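Here's the letter readout for the chains.
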Amino acid sequence: MKKIILLIALSFSFSSYLMAQDGDVIALYVSQKKFDKAKEQVDKWTADPKLKDKEKPTALLWKSYVYGQLYGDSAMGPQSPDADAVSLDAFYQYQQLDPSLKQMKEGNFVNGLSSVYNGYIVRGNDYWKAKTWDSAFKYFSKAERLGQVMIDNKLTQSTSTIDTTMVLFTGVAAQNSKQLDSAAKYYSRLADLKITGEDYASIYQFLIQYYMDKKDNDDFKKYLALAKEVYPDSASTWSQYEMSNMTANASLTELLQKYQQESSAGSLDEQKLVAYGEAFATNDSAQLNGLDSTQKVQLKLAAAQAYGKAFDATNGANGLYAFGAGYYYHYAFEVLDDRYHGYTGESAALKAKRNDIAKEQMLYADTSAAWLEKAFAVLSAKQDREKLETANLNHTVNFLSQIYLWKRDRTKFDGNAADYDKYDALYKKYDELFNTFK
């Protein structure tokens, strides 16, 4: 009986010795970068039909380790592009046998997965530098997935639940390669965790625009709300997105009603006012289709009012806003001027019609001139004007000269001939300035 027990003990010890010997030999080959021999040894071991069930976890761990080290090797890895797949397959087979990964953690076999992970990053970085974005995304996404497996199974020292940097770079690579659905998937993981920092503000902008383009109003509102919460100092940016979404998904008459409601409530800030102004100023025939001439003029007048309020919101600092107000009041003036000249003839009724139109014109002429004078004062005093500001400054003096010429000539009909010289002087002043601003 003692002999039998002794033989069993010797047999077990010999088997353990062989397993240890196989591992030592493989480790030696890997350290010497003799990957062909390491592969031969581990492949032979895992393919052995006599391999006992209790030995399989160890053999699979060594296989995952060997092929992982091979894939991550800068010299030999490129010659074995499928080594990562073999390493990961061996790992997943091992995981089924040892869900706790106890042996892997205790034996430091995680280095095999780490080598695959690093190999993905190295390849991804190379493609990133070359701006080959689709390939960069391919390898970064592989690294991100494997990194998440390692985090979830506590195979790293990180206490985070997500590798934010890897997720960010994967999302950027997806975005740059025009894989917008994938980019949204990665960015949303970061936004859902309310990740912030200098490098992360743009992901909220992407998600807001992405879901606005998708006409997914629920997710648009979700990420807009998150952006407002985590980046409160960028309130003007979020307001612009909010207004863009509103203008893109509402008719002009609906927008006008909404504007009037918000204006009455006093809830309009500079960005919203400008957005409303831009919306009402549209010349898009598709949006204007179905509106009569009176409604179109009302929209332009609403644009003028919105720009005027925006100018006041900046304490009179933005000359372009004043120009916008003056321009759209001038638009209404010109519409009436066309109507005035449409009533030709000398009958008493036609003269009366023209006089009524001229009185209404005078109101818009005066209002337009008042805003254009403000625009002139601000823009002409500015030393470092931008191209648009210079162009609109020249437009400003042109419109002013037109208005004052009209007002000068109206003195012949309105009985205020004494004002002729005043308006003539203003007309000449602004007419001489036209196209002098460079």
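Because the structure is a prediction, the values reported are computed rather than measured.

Caption draft 1: Highlighting the packing of helix α7 (residues 133-152) against helix α8 (residues 164-176). The N-to-C vectors of α7 and α8 enclose an angle of 155°; their axes lie 8 Å apart at closest approach. On the basis of their axis angle, the class for α7 and α8 is roughly antiparallel. The two elements α7 and α8 meet at a crossing, and its hand is left-handed. Residues W133, A136, F137, F140, S141, A143 and E144 of α7 touch α8, and the partners they reach there are M166, V167, F169, T170, A173, A174 and N176. Taken together, the residues of the contact of α7 with α8 sort by class into 10 nonpolar, three polar and one charged.

Caption draft 2: Main features of the environment of T237. Assignment of secondary structure puts T237 in helix α12 (residues 235-248). Through-space distance from the C-alpha of T237 to that of A227 is 9.7 Å; in sequence the pair is 10 residues apart.

Caption draft 3: Region of interest: the environment of K56. Its place among the elements puts K56 in helix α3 (residues 56-72). Distance from K56 to V297, taken between C-alpha atoms, is 82 Å for residues 241 residues apart in sequence. Ignoring anything within four residues of it in the chain, the contact list for K56 reads L51 and L97.

Caption draft 4: Main features of the side chain of N394. Along the chain, N394 falls in helix α19 (residues 387-414). For N394, a relative accessible area of 8% translates into the label buried. At 2.9 Å, the side chain of N394 and the backbone nitrogen of N435 are in polar contact. When near neighbours in sequence (up to four residues on either side) are disregarded, N394 contacts L433, F434, N435, T436 and F437.

Caption draft 5: Structural detail: helix α11 (residues 217-230). Taking 1.5 Å of rise per residue, the 14 residues of α11 would be expected to cover 20 Å, and the 20 Å separating its terminal C-alpha atoms lies within 8% of that figure. Restricting attention to buried positions, one finds in α11 the residues F220, Y223, L224, L226, A227 and V230. Down the axis of α11, the sector holding all buried residues measures 160°, keeping them to one side. Turned more than 90 degrees from where α11 packs its buried face, D218 and K221 sit exposed. Among the structural elements, α9 (180-192), α10 (201-213) and α12 are those in contact with the buried residues of α11.

Caption draft 6: Expanded view of the packing of aromatic side chains. Scanning the entire structure with this criterion turns up 32 aromatic pairs. Pairing Y204 with Y231 gives two aromatic rings, centres 5.6 Å apart and planes at 70°, and the pair type is edge-to-face. Within this pair, whereas Y204 is found in helix α10, its partner Y231 is found in the loop between α11 and α12, the two being separated by 27 residues in sequence. Residue classification places Y204 among the buried residues on the basis of a relative accessible area of 0%. Owing to a relative accessible area of 13%, Y231 belongs among the buried residues under this scheme. Joined through ring pairs, the aromatic side chains of Y187, F206, Y210, Y211 and Y223 make up one cluster. Above the face of the Y331 ring, K300 is positioned so that its terminal group lies 5.4 Å from the ring centre. Geometry around W371 places K374 over its ring, the cationic atom sitting 4.2 Å from the centre.

Caption draft 7: Spatial organisation of the nonpolar core. Counting 69 residues, the largest nonpolar core has M104 and Y204 as its most contacted members. The leading source of residues in this core is α3, at nine residues. With residues near it in sequence (within four places) discarded, M104 still touches L61, F91, Y94, F109, V110, L113 and L155.

Caption draft 8: The pattern of salt bridges, seen in detail. Scanning the entire structure with this criterion turns up 17 salt bridges. Among the salt bridges present, the one from K63 reaches D43, with a minimum N-O distance of 3.8 Å. Placement of K63 in helix α3 and of D43 in helix α2 (residues 35-47) is noted, with a sequence separation of 20 residues between them. Under the relative-accessibility criterion, D43 is labelled partly exposed at 26%. Among the salt bridges present, the one from K428 reaches D424, with a minimum N-O distance of 3.1 Å. Residue K428 and its partner D424 are located together in helix α20 (residues 420-433), separated by four residues, close to a single helical turn.

Caption draft 9: Representation of unusual backbone geometry in the model. At K154, a position not held by glycine, the phi torsion is positive, near 55°. With respect to the helices and strands, K154 occurs in the loop between α7 and α8. In the Ramachandran plot, N435 falls in the positive-phi region, its phi being about 65° despite a non-glycine side chain. Checked against the element boundaries, N435 lands in the segment after α20. For N435, a relative accessible area of 43% corresponds to the partly exposed category.

About the cut-offs
Residues numbered from 1 in each chain as written. Predicted model: local features only at pLDDT ≥ 70, side-chain atom pairs only at ≥ 80, totals over all residues. Heavy atoms only, no water. Axes fitted to C-alpha atoms, helices over the stretch in contact; angles between N-to-C directions. Helix = DSSP H or I, 4+ residues; strand = E, 2+ residues; numbered from the N terminus. Parallel < 35°, antiparallel > 145°, perpendicular 65-115°, else oblique. Left-handed = near helix turned anticlockwise from the far one by under 90°. Contact = heavy atoms within 4.5 Å. Nonpolar A, V, L, I, M, F, W, Y, C, P; charged D, E, K, R; others polar. Buried < 20%, exposed > 50% of the residue type's maximum accessible area, 1.4 Å probe, protein only. Polar contact = N/O pair within 3.5 Å; in protein donor to acceptor, adjacent residues only side chain to side chain. Expected span 1.5 Å × (residues − 1). Arc of directions from axis to C-beta. Phe/Tyr/Trp six-rings, centres within 6.5 Å; stacked < 30°, edge-to-face > 60°. Lys NZ or Arg CZ within 6 Å of the ring centre and 35° of its normal. Core = buried A, V, L, I, M, F, W, Y, C linked by side-chain atoms within 4.5 Å. Salt bridge = Lys/Arg side-chain N within 4 Å of Asp/Glu carboxyl O.

These results come straight from atomic positions and should not be treated as a statement about function.
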